[in-house]
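A structural walkthrough
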Amino acid sequence: MTTMMEPQKDVPEEDTSPSLPTLSRERHPLQKSSVCSRSYFMVVMVFFHVYIINVIALLLYVHYNNGPGATTSTRSGSSNHHSHPSPISPFPDPGYSRTLHLPRIEGIRVGHIQKVSLVPNKVHEMRTLSLKPLLFEIPGFLSEEECSVVVQLAQLKGLTESQVMVPEDQEELTKQLDLSPEEIFNLLDLNQDGQLQLQEILTHSRVRDGIWLTPESLREIYAGLQADPDGDGFLSLEEFKRLSSNAFQRFLQQRGVKKSQLVRNSRHTWLYQGEGAHHVLQTLRKRVTRLTRLPSSIVDLSEPLQVVRYEQGGHYHAHHDSGPVYPETACTHTRLAANHSTPFETSCRYITVLFYLNSVEGGGETTFPVADNRTYEEVSLIQNDVDLLDTRKHCDKGNLRVQPAKGTAVFWYNYLSDGKGWVGEQDEYSLHGGCVVTRGTKWIANNWINVDPDYQRQVRYQQLVSQQQRSETHNTEQDSAQHNHLHQDL
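Read on for a plain summary of the structure. This structure is a prediction, so every number in the text was calculated from the model and none was measured.

**Considerations on the nonpolar core**
- Judged by nonpolar contacts, the single largest core of 47 residues is most densely connected at Phe141, Leu305, Val307, Tyr350, Phe355, Leu357 and Phe411.
- When neighbours within four sequence positions are excluded, leucine 357 is seen to be in contact with Leu142, Cys147, Val150, Val151, Val307, Lys406, Trp443, Ile444 and Ala445.
- Listed in part, the 25 residues of the second largest apolar core include Leu129, Tyr356, Ala371 and Leu389.

**What about the pairing of strand β19 (residues 423-426)?**
- Bridge count between strand β18 (residues 415-417) and β19: two bridges; the pairing is antiparallel. Considered in β19, the bridge of tyrosine 415 is made with glutamine 426.
- Here β18 folds back onto β19 in antiparallel fashion, the turn holding five residues, of which glycine 419 has a positive phi close to 85°.

**Regarding the pairing of strand β2 (residues 122-130)**
- Pairing of strand β1 (residues 113-119) with β2, which is carried by five bridges, proceeds in the antiparallel orientation. In the strand pairing of β2, valine 119 is matched with lysine 122.
- Hairpin remark: β1 followed by β2, antiparallel, with two residues in the connecting loop; positive phi at asparagine 121, about 60°.
- As judged from the three bridges shared by β2 and strand β3 (residues 135-138), these two strands associate in the antiparallel manner. Its bridge partner being in β3, threonine 128 is matched across the sheet by phenylalanine 136.
- Counting the residues that bridge the hairpin from β2 to β3 gives four residues.

**Regarding the state of the cysteines**
- All told, the structure shown has two disulfides when counted by the stated rule.
- The side chain of cysteine 331 participates in a disulfide bridge whose partner is cysteine 348; the two sulfur atoms lie 1.9 Å from each other. One quick way to see it: the torsion about the S-S bond of cysteine 331 and cysteine 348 is about -85°, and its sign makes the bridge left-handed. Pair noted here: cysteine 331 is in strand β9 (residues 329-331) and cysteine 348 is in the loop between β10 (344-346) and β11 (349-356), with a separation of 17 residues, a long-range link.

**Regarding the sheet that holds strand β17 (residues 409-413)**
- Strands sit in the order β1-β2-β3-β17-β11-β22-β7-β6-β4 across an open sheet of nine strands; the sheet is antiparallel. Edge positions in the sheet fall to β1 and β4 (160-161), since each has one partner strand and no second.
- As paired strands, β11 and β17 are joined by five bridges and run antiparallel to one another. Note on β17: the bridge partner recorded for leucine 354 is valine 410.
- Of the strands in this sheet, β6 (267-271), β7 (305-310), β11 and β22 (442-450) touch helix α5 (residues 144-157), which is tilted by about 105° from β6.
- Strands in contact with helix α12 (residues 279-292) are β1, β2, β3, β6, β7, β11, β17 and β22; relative to β11, the strand with the most contacts, it is inclined by about 125°.

Calculation criteria
Residues numbered from 1 in each chain as written. Predicted model: local features only at pLDDT ≥ 70, side-chain atom pairs only at ≥ 80, totals over all residues. Heavy atoms only, no water. Core = buried A, V, L, I, M, F, W, Y, C linked by side-chain atoms within 4.5 Å. Buried < 20%, exposed > 50% of the residue type's maximum accessible area, 1.4 Å probe, protein only. Contact = heavy atoms within 4.5 Å. Pairing = 2+ DSSP bridges. Helix = DSSP H or I, 4+ residues; strand = E, 2+ residues; numbered from the N terminus. Disulfide = S-S within 2.5 Å. Axes fitted to C-alpha atoms, helices over the stretch in contact; angles between N-to-C directions.

This is the structure we're talking about:
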């Protein structure tokens, strides 16, 4: 080691004498740091030799593993990963490795602004509005021309009443589930106090019937059906047993229901966004794909664009776009890929992207009543005379309201993450509604991104659709070939 260091010292070339005293005197000024220098040099040399050994070992490993058999396997795997993914089995086993992942955008904090590139030569600002739910706002997401085109296309197709009414086969469904009155009573009795309070009945009836009841109207129904003989405003189990499963709906239909008494008062239509659709609609879907950063294979198989018009007095009471998924529940979009039939279906809408197509003269805000609330309790949504779900009377009581502005988009996650890159539990804080329009008209559009929380069911669904599309393409090519042959014969 000492011999290697000597050429670095200032020793005159003509001095070739090996005299140790002379050499010692010349190095004497460096003796104070000689120990540290030598230790440092030895450590460096050790690491250098270890690095060389590792490189040699790696080269040998690559050499011996790149034989004919190994080379074929490696190249095949690389090709499958980058250009030709291995076909997904229609019924993957429980241990099937996940190839689809759902990236989620981080909200960071309320008010945080992120720069996003959605269209060429333009940068949009995306602002975090809340963390529960994870909610963002993007001004200028659509141009004025694009807003006008979407509205015109909806008008050309025609809009229908957005009436949310329950099917008339509730009793049959109850029989299929084989639920006794006692079991139904216990399900409705959220606080398990042995009696049904007004808010417990209200929540249940609104979900089932699509008719918006208030405590006052519910008391009128009680009186009309003689459901509450003692008049205390509570239903005991015995009183509940006297009512049929659709007694409220029948009573209200006989009495007549006004639009203002419905859960939703609007008109809507659906616009196809796939191949062959208007270029603005196709562009909008591609922009949503870039915004959400989801695989296009998922976005393209989601619902068409829904366009909604609210006239003056129009509203949509607070609701969730997607419901919790239980083993007894199937997602509407993947029901064909389910291995078994289920009594319930729900729209599994992982993300909601809402576009404001015009600026509303008065009212029409989108309210998130419990956004960033510390806790979520369904019973607490209706307290005394304040009903946070009522967007006609108590929109101003919610935690967050978004003012409609033409071209602006807001989007949020209706589900949490499962921590593994897929859909988790429903985000109850995604409760939202459309405040009553007090002046003018309100135009909006919704793009819902459908994802089944059951990963393997989503995979089966996409596989089935892919097979169907390939079959249709093959048939089209055959028809085209037959047409060409016929043309040549003619």
